[in-house]
Amino acid sequence: MRAAQAGAARAEAPGARGRLGSVALVIGGIVGLQFGSSVAVLLFPRAGALGVVTLRLVVASLVLLLFCRPRVRGHTRGDWATVLAFGVALVGMNSLFYQAIDRIPLGAAVTLEFLGPLILSVATSRRLLSLVWAALALGGVVLLGREGFDGLNLVGAGCALAAGGLWAAYILLSARTGARFPQADGLALAMTVAALLSLPLGAFSAGTALLDPVTLGLGAAVAMMSSVLPYTLELLALRKLPASGFAVMMSLEPAAAATAGFLVLGQALGWAEIVAIGLVVVASVGAVRSAAGR
């Protein structure tokens, strides 16, 4: 009996260690993404928000194409339509988000952006409790913009909210792309579409600044931290971490963004902003857990 229990304990230990390792991977991806966004803000004076988006998407697409080497033949029109829509969502989401963090603190921008996935989670749960979480998140947003968003900059707040809508679209299109393409081939192709769409805007906005070696180096760092690293770590984590647990951990994004904004950019938040971010995080965790339990 004891031998059987010991064997079971040994069998469970690797699984537990695997889940802990997956949690560490997700946290690493969150940290990389938000600190990459902080570095991007520092790069704005050199290349502008649109220029930095272009650098990020182009470098990320090149890295993904190099490692994934996706097949371009043998796909249906529906496959390509999905990839095209996914690429449009990627470039729109990133462009709007960078316009937001160029105007408002990183923590506030991510909090507003996170309403997109939160609303998607509430809409798909179809449970009365979800309305409670939605109301709690709305309270956080109202508190965040307690002066009518004047203190946050209305355009920046609007860009963050629009980016959140495209984030919700990104989640749906990512799932659809994953079902149509093997491994990360669909992501690599969609990232390439996004890079090609962003090139004209980035070139017009930044001009020759995109060719500066320092700008290129920092842009590559942003791409690795904000795109390649998070996507890779999340892909590895989802092999052993339940989707519901992964979604709950994504709710840490606003808090991580506020921390990165404070440490890298010196964007100190007042108590009201901290409470607001906390409300959105709690609402996100609750909404995801409610959706998982239906």
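Preceding this section is the structure that the text describes.
What counts as what
Residues numbered from 1 in each chain as written. Predicted model: local features only at pLDDT ≥ 70, side-chain atom pairs only at ≥ 80, totals over all residues. Heavy atoms only, no water. Axes fitted to C-alpha atoms, helices over the stretch in contact; angles between N-to-C directions. Helix = DSSP H or I, 4+ residues; strand = E, 2+ residues; numbered from the N terminus. Parallel < 35°, antiparallel > 145°, perpendicular 65-115°, else oblique. Left-handed = near helix turned anticlockwise from the far one by under 90°. Nonpolar A, V, L, I, M, F, W, Y, C, P; charged D, E, K, R; others polar. Phe/Tyr/Trp six-rings, centres within 6.5 Å; stacked < 30°, edge-to-face > 60°. Buried < 20%, exposed > 50% of the residue type's maximum accessible area, 1.4 Å probe, protein only. Contact = heavy atoms within 4.5 Å.

S.K.: Residue-level account of the packing of helix 2 (residues 77-101) against helix 6 (residues 154-180), with values.
M.R.: With their axes 8 Å apart at the nearest point, helix 2 and helix 6 run at an angle of 155 degrees to one another. One way to sum up the angle between helix 2 and helix 6 is to call them roughly antiparallel. Read as a crossing pair, helix 2 and helix 6 show a hand that is left-handed. Looking at side-chain class alone, the contact of helix 2 with helix 6 contains 16 nonpolar, seven polar and three charged residues.

S.K.: I'd love a proper account of the packing of aromatic side chains, names of residues and values included.
M.R.: Summed over the entire model, instances satisfying the criterion amount to three aromatic pairs. Geometrically, the ring pair formed by Phe86 and Tyr170 is tilted, given 5.4 Å between the ring centres and 40 degrees between the ring planes. One end of the pair, Phe86, is in helix 2; the other, Tyr170, is in helix 6, with 84 residues separating them in the sequence. What makes Phe86 buried here is its relative accessible area of 2%. Look at Tyr170 and you get buried, because its relative accessible area is 13%. Consider the rings of Phe97 and Tyr98, whose centres lie 6.2 Å apart with planes at 55 degrees: the pair is tilted. Aromatic ring contacts, followed pair by pair, group Phe44, Phe97 and Tyr98 into a single cluster.

S.K.: Report on the packing of helix 3 (residues 106-113) against helix 10 (residues 253-265), specifying residues and quantitative values.
M.R.: Direction vectors running N to C along helix 3 and helix 10 enclose 165 degrees, while the axes themselves pass 7 Å from each other. Looking at the two axes, helix 3 sits roughly antiparallel to helix 10. The handedness of the crossing between helix 3 and helix 10 is right-handed. For the pair helix 3 and helix 10, contact is made by Leu106, Gly107, Val110 and Thr111 and by Glu253, Pro254, Ala257, Ala258, Ala260 and Gly261, respectively. Its residues assigned to classes, the contact of helix 3 with helix 10 shows six nonpolar, three polar and one charged.

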